[in-house]
Amino acid sequence: VKISKFHSDYNFLKSGVRDLEVMATNVINNSFENVSSAQQAANLLEAWFHFAKRDSIHISVAKHVQTHFAFCTAELNSVRKEYDFNRRGPVLHTNTPFYGGSAKWARSLKRRVENLMEHFTKVWYCVSSREYSEAFGQATAVLASLDDYIKKMYADWKVLLEEDLSSNLDRH
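Just so it is clear, the structure is predicted and the values come from calculations on it, not from any experiment.

What counts and what doesn't
Residues numbered from 1 in each chain as written. Predicted model: local features only at pLDDT ≥ 70, side-chain atom pairs only at ≥ 80, totals over all residues. Heavy atoms only, no water. Salt bridge = Lys/Arg side-chain N within 4 Å of Asp/Glu carboxyl O. Helix = DSSP H or I, 4+ residues; strand = E, 2+ residues; numbered from the N terminus. Buried < 20%, exposed > 50% of the residue type's maximum accessible area, 1.4 Å probe, protein only. Phe/Tyr/Trp six-rings, centres within 6.5 Å; stacked < 30°, edge-to-face > 60°.

S.K.: For this particular structure, what's the right way to read the pattern of salt bridges?
M.R.: Close approach of charged atoms lets side chains of opposite charge pair. Inspection of every chain in the model, using the stated rule, returns five salt bridges. For Arg54, the salt bridge identified is with Glu21, shortest N-O distance 2.4 Å. Here Arg54 is found in the loop between α2 (38–51) and α3 (55–63), whereas its partner Glu21 is found in helix α1 (residues 6–31), with 33 residues between them in sequence. Judged by relative accessible area, Arg54 falls into the partly exposed class, the value being 46%. The shortest N-O distance in the salt bridge between Asp156 and Lys152 comes to 3.0 Å. Of this pair, Asp156 and Lys152 both sit in helix α6 (residues 129–171), separated by four residues, roughly a single helical turn.

Here it is as structure tokens:
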């Protein structure tokens, strides 16, 4: 009776695949150790998500989705705090007019949030709908408040301008 080497070869292959899964998981985990921004996390998620075909690798990538959203919510909270703290009197350069400078400051905050929203949409396929909708809802709320602030600054400037013009016309 000949003994088949099939089972020993198959077990050798199976253990090799397990070793590769462990190595891939370690590489994925190590790649996320030095991530410091939402953009870096989004780029890594995008790269690793397409690589993750096996369950263990997919689970490892899915754990790092939380890292991405932690950076996104931290950035959104940072923008929100900066807006709430400085909206009455934003820090402007010495020669910058108050209303125009305030609107420009708010637009810069708005651009930061819009960049974050690009990162949300970049990795939409590897996140659950709950996480995505929560982060997207937060970002939309911040954008709406910044838009309202910009419109308010414009309306206040317009009223001030009309008052100055009417007072100058009344004087002459």
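S.K.: Is there a simple way to think about the packing of aromatic side chains in this case?
M.R.: For any two aromatic rings, the description comes down to two numbers: the centre-to-centre distance and the angle of the planes. Throughout the structure, instances matching the rule amount to seven aromatic pairs. Taking 6.1 Å as the distance between ring centres and 15° as the angle between the ring planes, the aromatic pair formed by Phe6 and Tyr10 counts as stacked. Taken together, the residues Phe6 and Tyr10, both in helix α1 and four residues apart, mark about one turn of the helix. For Tyr10, a relative accessible area of 42% puts it in the partly exposed group. On the numbers, 5.5 Å between centres and 70° between planes, the contact of Trp48 with Phe51 is edge-to-face.

Note that every value here comes from positions in space, so none of it alone points to a role or purpose.
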